[in-house]
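# Observations on the three-dimensional arrangement
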Amino acid sequence: MNKHHESPNKIPWPPIILLGGIALGFALQAFVPLPWAVGSAREILQGTGMVAIAVALLIYGLAIRELWKHKTTVSPVGRSSHLVTTGPYAVSRNPIYLANIVLTCGIGLATGIAWLFLVALATGLLEQQFAIVREEKHLESHFGKAWRDYSKRVRRWI
């Protein structure tokens, strides 16, 4: 098969990493609970977490809408048919993965599970290794100079 037409991944790593990481954070809290804020500080953190979750959902919605608008795949195992550089992709090359980190931190704040901050860092690193690096190779092989120019202009995360 021509490399130009291959998909970036055979396994949909990002949702597996995201959901596995969040589950791990809850499990760690159940077995090795970390202390958390109390009283009004806890309420402020919970409210901040709800805002972060809403921001993550907004980023997901805007990023997916932009991909659909350009008639290209949302799937991490799909082949890209268009290089999307507009909308949230004008700010981050990976707004969906950025939203995964914001969501994980938001859930941590809303539930008082400090483990989720470490999980967010770990899942970001895993997504970069198992998804982003592969997707970037796919995009470069598919879009060449346009991809290289875009990747010089727009940061990987933010």
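Our subject is the structure that appears above.
Residues numbered from 1 in each chain as written. Predicted model: local features only at pLDDT ≥ 70, side-chain atom pairs only at ≥ 80, totals over all residues. Heavy atoms only, no water.

### Re the side chain of Glu 135
Rules: Runs of E in the DSSP output that reach at least two residues are strands. Runs of H or I that reach at least four are helices, and both are numbered from the N terminus. Residue burial is assigned from relative accessible area. The probe radius is 1.4 Å, only protein chains are included, and a residue is buried under 20% of its type maximum, exposed over 50%, and partly exposed in between. The sign given to each residue is positive for Lys and Arg and negative for Asp and Glu; His and the chain ends receive no count. Salt bridges, as used here, are contacts in which a Lys or Arg side-chain nitrogen is within 4 Å of a carboxyl oxygen on Asp or Glu. For this analysis, residues touch if any pair of their heavy atoms sits within 4.5 Å.
Along the chain, the position of Glu 135 falls in helix α4 (residues 115–143). No salt bridge is formed by the buried Glu 135; its nearest oppositely charged neighbour, Arg 134, is found at 9.2 Å. Discounting chain neighbours no more than four positions away, the residues touching Glu 135 are Pro 8, Asn 9, Pro 76, Asn 94 and Tyr 97.

### Thoughts on the packing of α4 against helix α5 (residues 145–153)
Counted only if it meets this: Note on definitions: angles span 0 to 180 degrees between N-to-C directions of axes, and those axes are lines fitted to C-alpha atoms, for helices only across the stretch in contact. Roughly parallel refers to an angle under 35 degrees, roughly antiparallel to one over 145, roughly perpendicular to one between 65 and 115, and oblique to any angle outside these ranges. Charged means Asp, Glu, Lys or Arg here, nonpolar means Ala, Val, Leu, Ile, Met, Phe, Trp, Tyr, Cys or Pro, and polar covers whatever is left, Gly included.
At a closest axis distance of 6 Å, the pairing of α4 and α5 adopts a crossing angle of 130 degrees. Overall, the two elements α4 and α5 adopt an arrangement that is oblique. Counting all contacts with α4, which are made through Glu 136, Leu 139, Glu 140 and Phe 143, the residues of α5 involved are Lys 145, Ala 146, Trp 147 and Arg 148. The class makeup of the residues in the contact of α4 with α5 is 4 nonpolar, no polar and 4 charged.

### Thoughts on the packing of aromatic side chains
The test is simple: For Phe, Tyr and Trp, rings pair up if their centres lie within 6.5 Å, where Trp contributes its six-membered ring, and each pair is then called stacked (planes under 30 degrees apart), edge-to-face (over 60) or tilted (otherwise).
In this structure the tally under the stated criterion is 3 aromatic pairs. Ring geometry for Trp 13 versus Phe 130: centroids 5.2 Å apart, planes at 45 degrees, classification tilted. Of this pair, Trp 13 sits in helix α1 (residues 13–31) while Phe 130 sits in helix α4, and the two are 117 residues apart along the sequence. Here Phe 130 falls in the partly exposed class, since its relative accessible area comes to 28%. Ring geometry for Trp 36 against Phe 117: centres 6.1 Å apart, planes inclined by 15 degrees, an arrangement best described as stacked. In this pair, Trp 36 sits in the loop between α1 and α2 (39–69) while Phe 117 sits in helix α4, placing the two residues 81 residues apart along the sequence. By relative accessible area, Phe 117 is classed as partly exposed at 31%.

### Remarks on α2
So the rule is basically this: The span one expects for a helix is its residue count, reduced by one, times 1.5 Å.
Between the first and last C-alpha of α2 there are 45 Å, a value that for 31 residues agrees with the 45 Å anticipated at 1.5 Å per step. Looking only at α2, the buried set comprises Gly 49, Ala 52, Ile 53, Ala 56, Ile 59, Tyr 60, Ala 63, Glu 66 and Leu 67. Buried-residue contacts for α2 involve α1 and α3 (95–111). Positive backbone phi, at 55 degrees, marks Lys 71, one or two positions downstream of α2.

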